[in-house]
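# Tertiary structure, described
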Amino acid sequence: MMTSDKNLKKEMMDSNKWVVVGVSGKKEKYGYKIWKILREKGYTTYGVSPNYSELEGEKIYDSIASLPEKVDVLDMVVPPKVSIGVLEEAKEAGIEMIFFQPGTYDDKVVAKAEELNLRYLLDDCVYATLKAEK
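The structure reproduced in this document is the subject of the present report. These figures come from a predicted structure and were not determined experimentally. (Residues numbered from 1 in each chain as written. Predicted model: local features only at pLDDT ≥ 70, side-chain atom pairs only at ≥ 80, totals over all residues. Heavy atoms only, no water.)

### Topic: the overall build of the protein
In terms of helices and strands, the protein carries five helices and seven strands. Order of helices (α) and strands (β) in the protein, N terminus to C terminus: α-β-α-β-β-β-β-α-β-α-β-α. Relative to its length of 134 residues, the protein is compact, with a C-alpha radius of gyration of 13 Å against a globular reference of 14 Å. Each principal axis of the C-alpha distribution contributes one length, and for the protein these read about 35 × 35 × 25 Å. When each of the 134 residues of the protein is scored for burial, the buried share is 48%. For the protein, the computed accessible surface area is about 6900 Å², with 50% contributed by carbon and sulfur atoms. With 20 positive and 23 negative side-chain charges, the protein shows a spacing of 5 Å between the two charge centroids. (Helix = DSSP H or I, 4+ residues; strand = E, 2+ residues; numbered from the N terminus. Rg over C-alpha atoms; globule rule 2.2 N^0.38 Å. Buried < 20%, exposed > 50% of the residue type's maximum accessible area, 1.4 Å probe, protein only. Areas by Shrake-Rupley, 256 points an atom, 1.4 Å probe, with all protein chains shown as cover. Lys, Arg positive; Asp, Glu negative; His and termini not counted. Charge placed at Lys NZ, Arg CZ, Asp CG, Glu CD.)

### Focus: helix H1 (residues 6-14)
Considered for burial, the residues of H1 that qualify are Leu8, Lys9, Met12 and Met13. Projected down its long axis, H1 shows its buried positions confined to an angular sector of 130°, all on one face. What points out from H1, more than 90 degrees from its buried face, is the exposed set Lys6, Asn7, Lys10 and Asp14. Looking at the buried side of H1, the elements it contacts are strand S1 (17-21), strand S5 (73-76), strand S6 (97-100), strand S7 (119-121) and helix H5 (126-132). (Arc of directions from axis to C-beta. Contact = heavy atoms within 4.5 Å.)

### What to know about the pairing of S5
Neither face of S5 is left uncovered, since the one carrying Val73 and Asp75 and the one carrying Leu74 and Met76 both have all their residues buried. Bridge count for S1 against S5 is four bridges, and the pairing is parallel. From the neighbouring strand, Trp18 faces S5, where its bridge partner is Val73. In this sheet, S6 lies alongside S5 in parallel orientation, the contact comprising four bridges. Bridging across to S6, Leu74 finds its partner in Ile98. Note on the crossover from S5 through helix H3 (residues 80-92) to S6: the handedness is right-handed. (Pairing = 2+ DSSP bridges. Right-handed = clockwise from strand over helix to strand, strands pointing away.)

### Let's talk about helix H2 (residues 30-40)
Within H2, the full set of buried residues consists of Gly31, Tyr32, Ile34, Trp35, Ile37 and Leu38. Next to the buried residues of H2 lie S1, strand S2 (44-48), strand S3 (54-55), strand S4 (58-61), S5 and H5. One or two residues past the end of H2 sits Gly42, with phi positive at roughly 90°.

### Description of the layout of surface pockets
Computed from the structure, the largest pocket encloses a volume of approximately 360 Å³. Looking at the largest pocket, it is lined by 20 residues, and the ones nearest its centre are Gly22, Val23, Asn51, Val77 and Val78. In terms of residue count, H3 provides more of the lining of the largest pocket than any other element does, three residues in total. (1 Å grid on protein atoms, 1.4 Å probe; cavity = no way out; pocket = protein on both sides within 12 Å on 5 of 7 lines; lining within 4 Å. Points joined across faces, edges and corners; volume = space filled by probe spheres on them.)

### Here we look at unusual backbone geometry
One non-glycine residue, Asn117, lies in positive phi territory at about 60°. Tracing the chain through its elements places Asn117 in the loop between helix H4 (107-115) and S7. Of note, the phi angle at Asp123 is positive, near 55°, even though the residue is not glycine. Given a relative accessible area of 66%, Asp123 falls into the exposed group.

Rendered as structure tokens:
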């Protein structure tokens, strides 16, 4: 459950199926950038947002429960007050690994992740990680 666990990050980055919770159609937002770069890098990537039914021809889901298959990693791009509820959904869907983008968690969210025995990363950015890869 460590936040700076290099092995966990490698396991996440080696996992092929991701869901971006808080996907956005606004190209300047990280909810869009992360979803887009994961797809460009060949990851099977789903978006979850109540605000969109599709983006760039891809179906966007309104909940984790509505995803067509189990995913390995959940990338959180929503405010902490939303994140806390998403953790319950993730646990119910069998998603063990949570990648919290900066600004998506607070002490309550981290405590909830611990309580649910989820494995998570804090203080990192999947977009920056993938952008740095050549």
